[in-house]
Amino acid sequence: MPTELDVHSLVDAVTRALRDRILRGDLPAGAPVTEKLVSEEFAVARPTAKAAVERLVFDGILRRQANKTARVPVLTFDEVRDLYESRALLECGAMTRVAGRGHVPDQARLALERFDLAFVRGDVSAVVEADVEFHRAFVDALGSPRVSRMYDSIMAEFRLCVARVQVLGRLDRARLAQEHAGIVAAVEAADPERAVAALEAHIAGARDRIVEVYSEDVPAR
C-alpha cells in the first residue's frame, strides 16, 4: 500500500512534468487541462492528477473559473504590463538594499551557470527556471519571507511569458548574458544605483520583447 510520502512524491513528479509541458509550449495558451487528460497522460490515478492540476492553478500556471476546466492562461496586454511593473517594483526595491552589501548571492551565480547550460541544451523549461532563480536570489537576500512569497506569486505568470518568447526563439543568449553580467558587476561594486539601473533596463528589455510577441495575436483586453 502506498505511503503518504509516496503519494506526495508522485504528485510532485506529475506537477513538475505537467509544468514542463506547459513551459515548453506543448500545451499552448488557452489549452484545456483536464484531470482525465493528466491521468491518462501520466498513467496516474485521478486524485493524483487532480492534486497536480490544483497545484498549478495555485501557482498561476493554470487558471480555472468556478466549475470550469483548468486552462493554460491567455494573458492580455494589460496583464503582461501589470506583471512586469509589479515585478520591477519588487525586484528594484530589493536590489536597492541588497546591492549595497557588495555580495552576489551564491544562488544567483549558480543560476547563471544553469542558465547557460540549459540554453546550450535548448531546454526551455530549465532556461526559464534558471532565469527565475537568478532574480529570486536577490529578492530572497532581503530575508523577508513575505516579500519572497509575493515575488513567487508574480513569477508564476512570468514563467509563462518567458517560455512563450523562448519557444519562438526570440531570446538572444549573448544579450541576456551581458545584461546579467552588468547586474552582477554593479552588485560586486556595492553600487545600488548602478545595479538598479541595470536591473530596470534588463526588465524593460524583457517586457518589450514580450509585448512584441503578444502584439501578434493577443487581445489588448
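What you see is a predicted model, and the numbers here were worked out from it, not measured in a lab. (Residues numbered from 1 in each chain as written. Predicted model: local features only at pLDDT ≥ 70, side-chain atom pairs only at ≥ 80, totals over all residues. Heavy atoms only, no water.)

## Notes on the UniProt feature "domain: HTH gntR-type" (unreviewed entry) in the protein
Mapped onto this structure's residue numbering, the UniProt feature "domain: HTH gntR-type" (unreviewed entry) falls at residues 14-72. Annotated as residues 14-72, this span is 54% helix and 7% strand, and its ends, taken at the C-alpha atoms, are 16 Å apart. (UniProt positions renumbered as here; feature names shortened; annotations may be inferred. Helix = DSSP H or I, 4+ residues; strand = E, 2+ residues; numbered from the N terminus.)

## Concerning helix 8 (residues 173-188)
With 16 residues, helix 8 should reach 22 Å at 1.5 Å per residue; the first-to-last C-alpha distance of 22 Å fits that figure. Inspection of helix 8 places Leu176, Glu179, His180, Ile183, Val184, Ala186 and Val187 among the buried residues, and these make up the whole buried set. The buried residues of helix 8 occupy one face: seen down the axis, they fall within an arc of 165°. Across from the buried face of helix 8, at angles greater than 90 degrees, the exposed residues are Ala174 and Gln178. Those residues of helix 8 that are buried are in contact with helix 4 (77-98), helix 5 (106-121), helix 6 (124-140) and helix 9 (192-214). At the N-terminal end of helix 8, a side-chain oxygen is found 3.0 Å from the backbone nitrogen of Ala174, two or three residues along, and the residue is Asp172. Looking one or two places after helix 8, you find Ala190, whose phi comes out positive at around 55°. (Expected span 1.5 Å × (residues − 1). Buried < 20%, exposed > 50% of the residue type's maximum accessible area, 1.4 Å probe, protein only. Arc of directions from axis to C-beta. Contact = heavy atoms within 4.5 Å. Polar contact = N/O pair within 3.5 Å; in protein donor to acceptor, adjacent residues only side chain to side chain.)

## What about the environment of Glu133?
Within the fold, Glu133 resides in helix 6. Given a relative accessible area of 23%, Glu133 falls into the partly exposed group. Setting aside chain neighbours within four positions, we find Glu133 in contact with Ala111 and Arg114.

## Some remarks on the nonpolar core
Counting 66 residues, the largest nonpolar core has Ile22, Tyr84 and Met95 as the members making the most contacts within it. If you list the elements that add at least two residues to this core, you get helix 1 (4-23), helix 3 (46-59), helix 4, helix 5, helix 6, helix 7 (145-167), helix 8 and helix 9. When sequence neighbours within four positions are dropped, the list of residues in contact with Met95 reads Phe138, Ile183, Val187, Ala195, Val196 and Leu199. (Core = buried A, V, L, I, M, F, W, Y, C linked by side-chain atoms within 4.5 Å.)

## Details of the pattern of salt bridges
Tallying each qualifying case throughout the model produces 16 salt bridges. For Arg21, the salt bridge identified is with Asp26, shortest N-O distance 4.0 Å. Overall, Asp26 belongs to the partly exposed group, its relative accessible area being 37%. When the shortest N-O distance is used, the salt bridge between Arg207 and Asp208 registers 3.2 Å. For Arg207, a relative accessible area of 33% gives the class partly exposed. Through salt bridges with shared partners, one network takes in Arg21, Asp26 and Glu41. (Salt bridge = Lys/Arg side-chain N within 4 Å of Asp/Glu carboxyl O.)

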